[in-house]
Structure formats: C-alpha cells, structure tokens
Amino acid sequence: MGQADARLLDKTAIRDAATIIMLRDAETRPRVLMGQRGRTAAFMPSKFVFPGGAVDAVDATIPLARAAHAEMAAQLAAKAEAPANAVIAAATRELWEETGLLLGRADDRAGHLEAPRGWRGYLATGHLPDGPTLEFIFRAITPPGRPRRFDARFFVADASDLASDPDDFSRAEDELSHLQWVPLDTARTFDMPFITEVVLAELAARLNGTAHDGVPFFNNADRISRFERL
C-alpha cells in the first residue's frame, strides 16, 4: 500500500487540500462566495466556508491552460509534496463541484483528454484550469486531534474571470447549502471556523494594501504550532 492510499484510510492523516475564495466587487464593496456545510458533516459541520476540498490523485493528470506565475509556483512547492498544478486543478474542480461556477480558460486540449471521474463535466465545457487567474494567499495545516486534517492552500480568484454567470448555482452539488455572495465587511457575523476568519483578515489586508510580503502559513504538522511565511 502506498503513502497516498494509507492517508485515504487514515482519516486523521494530513491530506493536501485546496480552497478557493471567489471575490466580487473588489473596488467598491468586496463580496466573497460562501456556503454552509451540512450539520452531519464530519469536518466543520454547519459552518460557513469557502468552496474547497481534498486534492485527488487525478488532479495531477489535468493540464493547466497556462502555468502559474513562477513566484506562486515556488510558494506552492515550498515544504510540500503535492505538485502545484494538482493543487490549482483541485481548487478549480472543487469550485465547479460545490458551486457549479466555471473558472478556467477555453482550451482545445480539454476535448481530447480522457476525462477521469470528477472531471468529466468540467472538461466537457472545453475549459482547463488556468494558473494565472488564481492568487495564493494562505496555507494552514489542521492541528492534531481533529477528526479530519488537511494541508489547505487558499486561493483568491476574481469573479470577472468566471466563464459562467456568477449568480447561477444550478449545477452545484449538495455539499454546500445557502451559497451566497457575502460582503467582506459583514462576513464575520456568520458562523465560520477560526481559520476562515483569519484568511478573511488576510484578504482584507491585501485589498487595502496593508498585508505583509509572502504567504502566511499556519504550520500545525506536529504538536508545536509554527507561524511561517512562504
């Protein structure tokens, strides 16, 4: 059994994950796309979150329409095993699955790929994930002792880059309910995980020009919590 298979069986093992923050009206009153997890979910039940989930093995097989910028690719590769393109692809797939929104770039290669499970609907649109449309802004590893642990990378993408109607969630699967565009200045009134609040603060700092250089990284890989920058 390989390491990846072992991580799938052990629910407390750290799994690579990708989360995407869709941003709208950044120049006026910024809004972010959020939805509510089910109350019976094993991880963060009933909490309002951004679309996201675990990186699947097939995500590494999906080519990008355009590679990520060199700086972001290096930040994604730092202290990580998951290929940068796989994490970017996973973020794009999770957005598609959980909201029905299409983020990517039209690419003729999409129609010639043997579409793996989880990618058939997306690739049928004729698009591929597009590295430069995503900005890597945060990384956090779930602390020990939780029922699920993820090494999550948080990306931001602007709604203007969507290839679909930003208000059409009709193709969404049922993992998230109450999908809505939440004003950034009122988002913290929602019941959300602590890490989501921290990421929202980082996003606000980036929008108002007060963020520090680099990507914040809450490294909780072991019992000593470390705050680093990538």
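Keep in mind that this is a model prediction, so the values were computed, not measured.

Participant: It is not clear to me how the packing of aromatic side chains should be interpreted in this structure. Could you clarify?
Facilitator: Centre distance and the angle of the planes are the two values used to describe a pair of aromatic rings. Using the criterion set out here, one finds seven aromatic pairs in the structure. Ring centres 5.9 Å apart and planes at 85° place the aromatic pair W96 and Y122 in the edge-to-face group. Of this pair, W96 sits in helix α3 (residues 84-99) while Y122 sits in helix α4 (residues 120-123); the two residues are 26 residues apart in sequence, bridging distant segments of the chain. Its guanidinium or amino end placed over the ring of W181, R24 lies 5.0 Å from that ring's centre, counting from NZ or CZ. The residue whose ring lies beneath R139 is F217, and the NZ or CZ to ring-centre distance is 4.2 Å.

Participant: Looking at this structure, I do not really get helix α2 (residues 70-77). What am I missing?
Facilitator: Three- or four-residue spacings in an α-helix give side chains the same orientation, since the helix completes a turn every 3.6 residues. Those residues of α2 that fall on the buried side of the exposure criterion are M72, Q75 and L76. Down the axis of α2, the smallest arc covering the buried residues is 100°, so these residues share one side. Looking at the buried positions of α2, the neighbouring elements they touch are α3, β7 (135-141) and β8 (149-158). Following α2 by one or two positions, K79 adopts a phi angle in the positive range, close to 50°.

Participant: Just checking my understanding: could you explain α3 for this structure?
Facilitator: Between its first and last C-alpha, α3 extends 23 Å over 16 residues, near the 22 Å set by a 1.5 Å rise per residue. Following α3 by one or two positions, G100 has its phi on the positive side, about 80°.

Participant: Help me understand the environment of W181, please; the structure alone is not making it clear to me.
Facilitator: For W181, the position within the fold is in strand β9 (residues 176-183). Distance from W181 to G214, taken between C-alpha atoms, is 27 Å for residues 33 residues apart in sequence. If near-sequence neighbours (up to four positions away) are discounted, W181 is found in contact with M22, L23, R24, R31, V32, L33, L101, A159, P166, D167 and F169. A distance of 3.0 Å separates a polar atom in the side chain of W181 from the backbone oxygen of P166.

Reading the values: the criteria
Residues numbered from 1 in each chain as written. Predicted model: local features only at pLDDT ≥ 70, side-chain atom pairs only at ≥ 80, totals over all residues. Heavy atoms only, no water. Phe/Tyr/Trp six-rings, centres within 6.5 Å; stacked < 30°, edge-to-face > 60°. Helix = DSSP H or I, 4+ residues; strand = E, 2+ residues; numbered from the N terminus. Lys NZ or Arg CZ within 6 Å of the ring centre and 35° of its normal. Buried < 20%, exposed > 50% of the residue type's maximum accessible area, 1.4 Å probe, protein only. Arc of directions from axis to C-beta. Contact = heavy atoms within 4.5 Å. Expected span 1.5 Å × (residues − 1). Polar contact = N/O pair within 3.5 Å; in protein donor to acceptor, adjacent residues only side chain to side chain.

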